[in-house]
Amino acid sequence: MKKIYRTIVLLSATAVLGTSCSDWLNVYPSDQIKEEFLFETGNGYRAALNGVYRKMASWSIYGSNLKWGLIDAWGQVYDMQLSTIQHGGQAMVKIEGLDFKHYELVSATDQMWNDSWNVVANCNELAQQAEQADSTLFYGGELERKMILGEAIGLRAYLQFDLLRVYAPSLAMNPEKRTFIPYVNEYPSYVNNRQTVSYCLEQVIKDLKRAQDLLTEVDKDVRWDWRFNEETNDEKKFLSARGYRLNYYAITAQLARVYLYANMPDEAYEQAAILIEQNSNFEALVGNAGLKAIKNGNVKMFDDIIFALYSPTDQVEWDRLINHTSDTAEGSSEKDKFLGITAEIAERRYGDDLETDWRICYQMEKKNIDDYCTMKYYQQPESFAYSEDNNQIVPMLRMSEVYYIAAEAIYQQDLETAKKYLSHVKKTRGVITDLENVTKDNFMNVLVNDAQREFLGEGQTFFMFKRLMRTMKGREEVQATEENMVLPLPTSESEF
């Protein structure tokens, strides 16, 4: 990992030297500026942080691989036999079939590994610089310095947690004292020893708790209903649009996710409860309002998204390339080039809700008579009221997942409250289901089934099945074993 940790993505001169009207959300990585110059100004810090977010939204990380791409194909979310996609498609086909050593898959995962650790290096460099920076450099003073520091620490934890979930077994798989990947929290970091799963989880939690403390004051007066809006066009813009940043509530939701993965349900529930008590901030649309919104372009149902990456063009262009290349019209009968599921899989996952659940009625479309194609990242027409927000959002943390976490964490002690949490999510997706006959014995089956519907295209299905050691069911069944659910390290690392 010597080369990976020494490399840092630096930002363009335009970003660093730009005027106060710079569009902070559209900073792209470059390698034109020396580090010592980059961190001389507040603009340099802003550019560095936004470069991290833009890199995370790239195809190799959350633009595809760790979102709707490799990780969902691995989780048997799709039936890859329906797809003849070319751009990155063969890697998805190979990982669905657990062919981890196929050269196309290895090429894709090697880039994912390298780019992810590069982002971690950037976060560590930024955190170290912000730790000692003079607050007078920043337009927002000490509050902005804390914001940049908190986000950098939180982002390195967020990404390393996902790397751990990909390259190491879950605790349910009894990893014991074996070591898998390092946890890196300093820059430069030339050589890093691999650590146990428990150690890495401890470090992730430690970093997230510190980030949470730093961002408590930063986000206490934020207008969360404006979290995806840019209402200003000057330096203040950097402090707005908090939904596109790893904000306080996103850190809290991530802590709940990590605690549940670490088999700490009480702690997970404590964090989830913080968000549930602030539900009005992230309330999903229900009833006719929700149905009208999704029909009018809100296909990602972004009202309950706590944190998203910003990708105004890439996502919809990739979706067009993969899912809709051959479309001649909406509902095209063309068979090639799409990610989706068969009628058999749809019947298994949606059952009696096949005609009512918004997640299949509006987030997917029928193709080839019986098959369904995902529409989650399909570009909505500009005439649709919700198209602008929908087209640029890459969901990272949702309130629905927080309800799942809370429900799972307490169902053994308080089944009725757990049912209420699960019913709430279903209601916000157009499903009115009586859970009266659900018992402790089958509650998790019902929850996991609903989460499969919710997580399609968002990269969490595989991780859920891995944590719970449940058989994954798509076209085939994949047993929840370490052999099937741990990606081998790149050759360069396994030989190091």
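These figures come from a predicted structure and were not determined experimentally.

What counts and what doesn't
Residues numbered from 1 in each chain as written. Predicted model: local features only at pLDDT ≥ 70, side-chain atom pairs only at ≥ 80, totals over all residues. Heavy atoms only, no water. Helix = DSSP H or I, 4+ residues; strand = E, 2+ residues; numbered from the N terminus. Buried < 20%, exposed > 50% of the residue type's maximum accessible area, 1.4 Å probe, protein only. Contact = heavy atoms within 4.5 Å. Areas by Shrake-Rupley, 256 points an atom, 1.4 Å probe, with all protein chains shown as cover. Phe/Tyr/Trp six-rings, centres within 6.5 Å; stacked < 30°, edge-to-face > 60°. Lys NZ or Arg CZ within 6 Å of the ring centre and 35° of its normal. Pairing = 2+ DSSP bridges. Axes fitted to C-alpha atoms, helices over the stretch in contact; angles between N-to-C directions. Parallel < 35°, antiparallel > 145°, perpendicular 65-115°, else oblique. Left-handed = near helix turned anticlockwise from the far one by under 90°. Nonpolar A, V, L, I, M, F, W, Y, C, P; charged D, E, K, R; others polar. Polar contact = N/O pair within 3.5 Å; in protein donor to acceptor, adjacent residues only side chain to side chain. Core = buried A, V, L, I, M, F, W, Y, C linked by side-chain atoms within 4.5 Å. Salt bridge = Lys/Arg side-chain N within 4 Å of Asp/Glu carboxyl O. Expected span 1.5 Å × (residues − 1).

Peer 1: Please explain the overall build of the protein as it appears in this structure.
Peer 2: Per the secondary structure count, the protein includes 23 helices and nine strands. Counting across all 496 residues of the protein, residues that qualify as buried make up 61%. Taking contacts inside the protein between residues at least 6 apart in sequence as the whole, the part at least 24 apart equals 73%. Carbon together with sulfur atoms contributes 46% to the accessible area of the protein, which is approximately 19,800 Å² in total.

Peer 1: I keep staring at the packing of aromatic side chains and nothing clicks. Help me out?
Peer 2: What characterises a pair of aromatic rings is the spacing of the ring centres plus the angle enclosed by the ring planes. Applying the stated criterion across every chain, the model contains 25 aromatic pairs. Here the aromatic residues Phe 228, Tyr 244, Phe 302, Tyr 310 and Tyr 386 are joined through ring pairs into a cluster of three or more. Across from the ring centre of Tyr 261, 5.9 Å away, lies the NZ or CZ of Arg 165, which sits over that ring. Of note, Arg 165 hangs over the ring of Phe 463, and the distance from its end group to the ring centre comes to 3.8 Å.

Peer 1: Explanation requested: the environment of Leu 137 in the structure shown.
Peer 2: Note that Leu 137 resides in the loop between α8 (103-132) and α9 (141-167). Sequence-wise, Leu 137 and Tyr 45 are 92 residues apart; in three dimensions their C-alpha atoms are separated by 9.3 Å. Filtering out sequence-adjacent residues up to four positions away, Leu 137 remains in contact with Phe 39, Glu 40, Thr 41, Gly 42 and Tyr 45.

Peer 1: For this particular structure, what's the right way to read the pairing of strand β3 (residues 305-310)?
Peer 2: A regular strand places its side chains so that they alternate between the two faces of the sheet. A large share of β3 lies buried, amounting to six of its six residues. By the bridge criterion, five bridges tie β3 to strand β7 (residues 393-398) in an arrangement that is antiparallel. When the bridges of β7 are listed, Leu 309 appears paired with Val 394.

Peer 1: Help me understand the packing of α9 against helix α10 (residues 197-218) in this model?
Peer 2: Angle between the axes and distance between the axes: these two values describe a pair of packed helices. Contact geometry of α9 with α10 gives a least axis separation of 8 Å together with a crossing angle of 155 degrees. Between α9 and α10, the interaxial angle falls into the category roughly antiparallel. Handedness of the α9/α10 crossing: left-handed. Of α10, the residues touching α9 (which contributes Leu 143, Lys 146, Met 147, Leu 149, Gly 150, Glu 151, Ile 153, Gly 154, Arg 156, Ala 157, Phe 161 and Leu 164) are Val 197, Cys 200, Leu 201, Val 204, Asp 207, Leu 208, Arg 210, Ala 211, Leu 214, Leu 215, Glu 217 and Val 218. Among the residues making up the contact of α9 with α10, the classes are represented as 16 nonpolar, two polar and six charged.

Peer 1: I keep staring at the environment of Arg 223 and nothing clicks. Help me out?
Peer 2: Relative to the helices and strands, Arg 223 resides in the loop between α10 and α11 (248-261). Within the local environment of Arg 223, its side chain forms a polar contact with the side chain of Asp 225, the two groups lying 2.6 Å apart.

Peer 1: Whenever I open this one, the nonpolar core confuses me. Can you help?
Peer 2: The tendency in soluble globular proteins is for nonpolar side chains to be buried side by side. If you look at the biggest cluster of nonpolar residues, it comprises 140 residues, and the most contacted ones within it are Ile 181, Ile 306 and Phe 443. The dominant element in this core, judged by the number of residues it contributes, is α9, at 14 residues. Among all residues touching Phe 443, those that are not within four sequence positions of it are Ala 407, Tyr 411, Leu 415, Ala 418, Lys 419, Leu 422 and Val 438. Core analysis: the second largest hydrophobic core is formed by eight residues, Phe 228, Ile 305, Ala 308 and Tyr 310 among them.

Peer 1: What's the story with the pairing of strand β5 (residues 364-367) in this structure? I'm lost.
Peer 2: With four bridges joining them, β5 and strand β6 (residues 371-374) adopt antiparallel strand pairing. Bridged to Lys 366 within β6 is Tyr 372. Linking β5 to β6, which pair antiparallel, is a turn of three residues; within it Asn 368 sits at a positive phi near 55 degrees.

Peer 1: Help me understand the pattern of salt bridges in this model?
Peer 2: For side chains of opposite charge, pairing can occur when their charged atoms come near one another. Summed over all chains, the structure comprises 30 salt bridges. Between Glu 144 and Arg 46 there is a salt bridge, and its shortest N-O distance comes to 2.8 Å. You can see Glu 144 sitting in helix α9 and its partner Arg 46 sitting in helix α4 (residues 42-56), a full 98 residues away along the chain. The residues Glu 144 and Arg 46 share a single accessibility class, namely buried. A salt bridge links Arg 359 to Asp 450, with the shortest nitrogen-to-oxygen separation between them at 2.8 Å. One end of the pair, Arg 359, is in helix α16 (residues 358-361); the other, Asp 450, is in helix α20 (residues 443-455), with 91 residues separating them in the sequence. Assigned by exposure class, Arg 359 and Asp 450 land together as buried. Salt bridges here are not isolated pairs; linked through shared partners, they connect Asp 304, Asp 353, Asp 357, Arg 359, Lys 376, Arg 398, Lys 426, Arg 429, Asp 450, Arg 453, Glu 454 and Glu 458.

Peer 1: Please clarify how the packing of α11 against helix α12 (residues 265-277) should be interpreted in this entry.
Peer 2: Running from amino to carboxyl end, α11 crosses α12 at an angle of 155 degrees, the nearest separation of the two axes being 8 Å. Relative to α12, the element α11 is oriented roughly antiparallel. For α11 against α12, the interelement crossing comes out left-handed. Where α11 approaches α12, its residues Tyr 248, Tyr 249, Thr 252, Ala 253, Leu 255, Ala 256, Tyr 259 and Leu 260 are matched on the opposing element by Glu 267, Ala 268, Gln 271, Ala 272, Ile 274 and Leu 275.

Peer 1: Explanation requested: the side chain of Asp 219 in the structure shown.
Peer 2: Residue placement: Asp 219 occurs in the loop between α10 and α11. Given a relative accessible area of 3%, Asp 219 falls into the buried group. Contact partners of Asp 219, with chain neighbours within four places excluded, come to Trp 224, Arg 242, Asn 247 and Tyr 248.

Peer 1: I would appreciate a short explanation of α12 in the present structure.
Peer 2: Three or four residues apart is the spacing at which side chains of an α-helix point the same way, because the helix has 3.6 residues per turn. The terminal C-alpha atoms of α12 lie 18 Å apart, and with 13 residues this matches the ideal 18 Å at 1.5 Å per residue to within 8%. Where α12 is concerned, the buried positions are Ala 268, Gln 271, Ala 272, Ala 273, Leu 275 and Ile 276. Among the structural elements, α10, α11, β3, α18 (399-410) and α19 (415-427) are those in contact with the buried residues of α12.

Peer 1: Help me understand the sheet that holds strand β4 (residues 340-341) in this model?
Peer 2: Sheet strands associate in pairs through backbone hydrogen bonding, adopting either a parallel or an antiparallel arrangement. Strand order in this open sheet of three strands is β4-β6-β5, and the pairing throughout is antiparallel. The open sheet has two edge strands, β4 and β5, and neither has a second partner.

Peer 1: How should unusual backbone geometry be read in this particular structure?
Peer 2: Leaving glycine aside, a negative phi is the common case for residues, and trans is the common case for peptide bonds. Going from Tyr 187 to Pro 188, the amide bond is cis rather than trans, its omega being -10 degrees. As for its position among the elements, Pro 188 is in the loop between α9 and α10. The phi dihedral of Leu 98 falls on the positive side, at around 65 degrees, and the residue is not glycine. Relative to the helices and strands, Leu 98 is located in the loop between α7 (89-96) and α8. Residue classification places Leu 98 among the partly exposed positions, given a relative accessible area of 25%.

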